[in-house]
2 protein chains.
Amino acid sequence: MRVVELPEILAALDEDAALAAVEAGFRRYSAGEVEVTAVGHLGFTDPPGDCHVKGAHIAGDDVFVVKLATSFYRNSERGLSSSNGFMAVISAETGEILAVLHDKGQLTDRRTAMAGAIAARAIARPGSATLGIVGAGIQARLQAQLIARVLGLRTVLVWARNGDRAEALAAELGGQAVGLPDLCTRADLIVTTTPATAPLLTDAMIRPGARIVALGADSPGKQELEAAILGRARIIVDSRAQSVDHGEAGWAVRAGLVDAAALVELGTLLASPVAFRPDDIVVADLTGVAVQDAEIAKVVWRGLRPDGEA
Amino acid sequence: MRVVELPEILAALDEDAALAAVEAGFRRYSAGEVEVTAVGHLGFTDPPGDCHVKGAHIAGDDVFVVKLATSFYRNSERGLSSSNGFMAVISAETGEILAVLHDKGQLTDRRTAMAGAIAARAIARPGSATLGIVGAGIQARLQAQLIARVLGLRTVLVWARNGDRAEALAAELGGQAVGLPDLCTRADLIVTTTPATAPLLTDAMIRPGARIVALGADSPGKQELEAAILGRARIIVDSRAQSVDHGEAGWAVRAGLVDAAALVELGTLLASPVAFRPDDIVVADLTGVAVQDAEIAKVVWRGLRPDGEA
């Protein structure tokens, strides 16, 4: 069992290869070629935290991956990162643990950002120029950087509940901190990255043609978009099963505004692209699927130098 | 993150402390003081194998545990153990990974044996002298050794489908290989340890007063006991939720022979012992609960020398 710490993981991670691998993983997931475990979750209240465990095996692969990621929201008070965890790479031929990638949650952060960029590319209007980022945490930063690069967006707008953090992120990105209604009006593509448990974006803020990638609703009780937005949108989901259970789409389905059968999985959209009309509102609801973990861990695993080599 | 390999794990494992801890864990589980994850499972067909992922946090503990265990049944053809895996000890205050105990499945094997011994002690008739072991694998050996020690049983009978392996295990244990009906007639306590998917013990083999600990049915489709045996038995289960889903009890409940409400959890029995009548047939149906993993991993974690000390 090889133990790989973060510097070596990041050195072995080819971001472009991982982006392509995650995209291929979504296609294979939606084609029914990926076995995933039930999502394991433990919740903590004092101090508040979450632990998620997800595993996936892609048909034909000689390895599979089980990922553990924790988020303890008050760690910053101790000067610690809120994210921790690892990804285990396991032989699908013997069950031996080949490697523990002690990524401290960073591979999860990156594969989440990659999913956002893949979804953004699939739903953005041609000629989009302005990106609106909702939130000012690690996902806000990663999404802004990756989407701006992948889609060539030049202008970045930022809104966050904490105005100081929004200003700081906007400055870092060479963008502008704005009000949320203003962001929704001006952005060609909106990306929401908060852990909100009540809607931030209201139906009144959203104009025809809006394209929204929503990343926050990764467990039950979380919600960033008013359900009425989804009621008049075309909805892309990473996993129909997960999104109906705990994504943005779930709120709209439970409210009777959306038929679950109308949800289109991202992997299906990638395999059979749809020509959205310019005034279609399109929402991509991403809850995080284990196939993303499997794909990024495999890219790292294959990129590692043989053990012991410099 | 400390990585601990098997020799150090076994040196740090105080078996008596672990037995007491697992017993206490069952009580706390049945008292509703343990949060467990959904059981994660991946199945493999070529070559055949299973991966189980289970996690638990015991209320008030400053650590929690996530366990991964694999079984690849043809590994022996390559000269490898069929079992592999690890247990991760994680801070419940920061989410940091404190240790990965690379136990290769051996802590799972041991905590399973401990559960068998705890259940055996709780249901055995006073004055029991003869132990009957069904199966000849690692659990058969561990159960025989631990139960014989804990209960002071002097005579061991062994039956397995493979007669040569039964003879070998009987010789190793100073016991006797016998036919299965003979074993059921003579043994005061019967322990079943096979991965059977169809009943081995039939209702006709079981006499009044029989005490049976059944360990094999740890995932859907597995069954060692004819359901009619449970129909006339008092039934102890490690986890009502799991046993109804995939234990021996599940077959009997689905067949309408047993009311799920009549199942008594082991932790409840330990907290409030029952005086069984001498002619009661009692079956303990053990599917394996994450609290066992948490307890044995905690004993190892506390028993480790400070990192770097000899």
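Since we're looking at a predicted model, the values are computed, not measured.

S.K.: Report on the packing of helix α2 (residues 15–30) of chain B against helix α11 (residues 290–303) of chain B, specifying residues and quantitative values.
M.R.: All names here are of chain B. At their nearest, the axes of α2 and α11 sit 8 Å apart, and the two run at 145 degrees to each other. The interaxial crossing formed by α2 with α11 has right-handed handedness. Packed against α2, whose contacting residues are Ala17, Ala18, Ala21, Val22, Ala24, Gly25, Phe26 and Tyr29, the element α11 presents Val291, Gln292, Glu295, Ile296 and Val299 at the interface. The residue inventory of the contact of α2 with α11, partitioned by class, reads ten nonpolar, two polar and one charged.

S.K.: Got a sec to walk through the sheet that holds strand β15 (residues 282–285) of chain B? Specific residues and values, please.
M.R.: Residue and element names in this part refer to chain B. Spatial ordering of the open sheet is given by β10-β9-β8-β11-β12-β15-β13-β14, a layout of eight strands whose pairing is parallel. Strand pairing shows two members of the sheet lacking a second neighbour, β10 (176–177) and β14 (264–265), which therefore form its edges. Where strand β8 (residues 130–134) meets strand β9 (residues 155–159), five bridges bridge the pair, whose relative direction is parallel. Looking across to β9, one finds that Ile133 is bridged to Val158. Set on the sheet, helix α5 (residues 163–173) makes contact with β9 and β10; between it and β9 the angle comes to about 165 degrees.

S.K.: Summarise the packing of aromatic side chains; cite the residues concerned and give the values.
M.R.: Applying the stated criterion across every chain, the model contains five aromatic pairs over all chains. A centroid spacing of 4.7 Å and a plane angle of 40 degrees characterise the contact between Phe44(A) and Phe64(B), whose relative ring orientation is tilted. A residue pair is termed interchain when its members come from two chains, as with Phe44(A) in strand β3 (residues 40–45) and Phe64(B) in strand β5 (residues 63–72). Each member of the pair, Phe44(A) as well as Phe64(B), is classed as buried. Members of the aromatic cluster, each reached through a chain of ring pairs, are Phe44(A), Phe72(A) and Phe64(B). In this structure, Arg254(A) is placed above the aromatic ring of Trp251(A), and the distance from its NZ or CZ to the ring centre is 5.1 Å.

What counts, and where the lines are drawn
Residues numbered from 1 in each chain as written. Chains lettered and ligands numbered in written order. Predicted model: local features only at pLDDT ≥ 70, side-chain atom pairs only at ≥ 80, totals over all residues. Heavy atoms only, no water. Axes fitted to C-alpha atoms, helices over the stretch in contact; angles between N-to-C directions. Helix = DSSP H or I, 4+ residues; strand = E, 2+ residues; numbered from the N terminus. Left-handed = near helix turned anticlockwise from the far one by under 90°. Contact = heavy atoms within 4.5 Å. Nonpolar A, V, L, I, M, F, W, Y, C, P; charged D, E, K, R; others polar. Pairing = 2+ DSSP bridges. Phe/Tyr/Trp six-rings, centres within 6.5 Å; stacked < 30°, edge-to-face > 60°. Buried < 20%, exposed > 50% of the residue type's maximum accessible area, 1.4 Å probe, protein only. Lys NZ or Arg CZ within 6 Å of the ring centre and 35° of its normal.

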